Amino acid sequence: MTFDLFDDLPSAPQAPEWLEPGAVVLRGFALEQAAALLEAVDAITAQAPFRHLITPGGKRMSVAMTNCGPLGWISDRSGYRYGPVDPDTGERWPAMPPIFQQLARDAAEAAGYPGFAPDACLINRYAPGTRLSLHQDRDEGHYAHPIVSVSLGIPAMFLWGGAERADKARRVPLLHGDVVVWGGPARLRFHGVLPLPAAQHPLTGACRINLTFRKAG
Ligand code: MD3
Ligand code: FE
């Protein structure tokens, strides 16, 4: 097990941690590929830059987002949806790199969902102070497929709620290299991210990148 100056925490793959049936944290699952994943993010954002989307209610999201793969998640005054084209460039979203597809497939399989073939990868960028308020992911056609999320860079405190917005939420720290798989009964849980504390990571600087893989089409 190795420790570093930045977080004093183990940086090695761990045994699966089940949050509840259908939701499992695979600590360190993406550590080995982290640098390659971040290089691929740089190539994607050169084609489809990070942007702050506007919610249907007219608010600017504090998380900066972009996408890769056949479908991308977008929000504007007319609503939330998935679409094949980046509204900022008029071009299709960049292709999903093979290392993304393989990691999503491997993580889903490790959580009991073999054969996961996502068609959408939302890339979220958090700076210190960025938050994501409690919400459900309900814009995908297929709740039968899991969602795979990959955390890179500085740590975040994830909020894991219940079936109702008012249900008490648990706090789950998500660190560089952690992968979470959400499926079955956990798929429609309310969830969010607390405002990020200031921190530095050697690979990302003062930022957190989260990849979420979905079957949206
Ligand atoms: C639980 N992103 O993009 S990833 C999102 O850290 C989103 O960027 C957060 O919530 C982030 O929609 C959390 C973990 C996650 C993703 C999807 C879920 C948790 C989930 C879907 C259902 C339940
Ligand atoms: Fe979400």
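Up top you'll find the structure we're talking about.
Residues numbered from 1 in each chain as written. Chains lettered and ligands numbered in written order. Predicted model: local features only at pLDDT ≥ 70, side-chain atom pairs only at ≥ 80, totals over all residues. Heavy atoms only, no water.

Undergrad: It is not clear to me how the overall build of the protein should be interpreted in this structure. Could you clarify?
TA: The secondary structure content of the protein amounts to two helices and 13 strands. Here the C-alpha radius of gyration of the protein, 16 Å, is about what a compact globule of 217 residues would show, namely 17 Å. Considering only C-alpha atoms, the protein reaches an extent of 45 × 35 × 35 Å along its principal axes. Looking at the 217 residues of the protein, the share that counts as buried comes to 50%. Taking contacts inside the protein between residues at least 6 apart in sequence as the whole, the part at least 24 apart equals 71%. Split by element, the accessible area of the protein, about 10300 Å² in all, is 56% carbon and sulfur. Charge centroids of the protein, computed over 20 positive and 21 negative side chains, lie 9 Å from each other. (Helix = DSSP H or I, 4+ residues; strand = E, 2+ residues; numbered from the N terminus. Rg over C-alpha atoms; globule rule 2.2 N^0.38 Å. Buried < 20%, exposed > 50% of the residue type's maximum accessible area, 1.4 Å probe, protein only. Contact = heavy atoms within 4.5 Å. Areas by Shrake-Rupley, 256 points an atom, 1.4 Å probe, with all protein chains shown as cover. Lys, Arg positive; Asp, Glu negative; His and termini not counted. Charge placed at Lys NZ, Arg CZ, Asp CG, Glu CD.)

Undergrad: Would you take a moment to explain the packing of helix α1 (residues 34–47) against helix α2 (residues 98–110) for this structure?
TA: For any two helices packed against each other, one specifies the inter-axial angle together with the distance between the axes. Contact geometry for α1 and α2: axes closest at 10 Å, N-to-C directions at 130 degrees. Looking at the two axes, α1 sits oblique to α2. Between α1 and α2 lies a crossing of left-handed hand. Contact residues: A36, L37, A40, V41 and I44 in α1; I99, F100 and L103 in α2. (Axes fitted to C-alpha atoms, helices over the stretch in contact; angles between N-to-C directions. Parallel < 35°, antiparallel > 145°, perpendicular 65-115°, else oblique. Left-handed = near helix turned anticlockwise from the far one by under 90°.)

Undergrad: Would you take a moment to explain the environment of D178 for this structure?
TA: By the secondary structure assignment, D178 is in the loop between β10 (170–174) and β11 (179–182). For D178, a relative accessible area of 3% gives the class buried. Measuring from C-alpha to C-alpha, the distance between D178 and L26 comes to 5.9 Å, with 152 residues separating the pair along the chain. Engagement of the side chain of D178 in a polar contact is seen with the backbone nitrogen of G28, the distance being 3.1 Å. (Polar contact = N/O pair within 3.5 Å; in protein donor to acceptor, adjacent residues only side chain to side chain.)

Undergrad: How should the site of ligand 1 be read in this particular structure?
TA: Not every one of the 20 residues close to ligand 1 is listed here, only the nearest: N124, Y126, H191, R208 and R214. Separating an oxygen atom of ligand 1 from a side-chain N or O atom of R208 is a distance of 2.8 Å. Expressed as a share of its isolated accessible area of 490 Å², the protein-covered part of ligand 1 is 98%. Elements represented by at least two residues in the shell around ligand 1 include exactly β6 (120–126), β7 (132–135), β8 (147–153), β9 (156–160), β12 (191–193) and β13 (208–214). Ranked by residue count, the leading element in the shell around ligand 1 is β13, at four residues. For the shell around ligand 1, a count of residues per class yields nine nonpolar, six polar and five charged. (Near = heavy atom within 4 Å. Nonpolar A, V, L, I, M, F, W, Y, C, P; charged D, E, K, R; others polar.)

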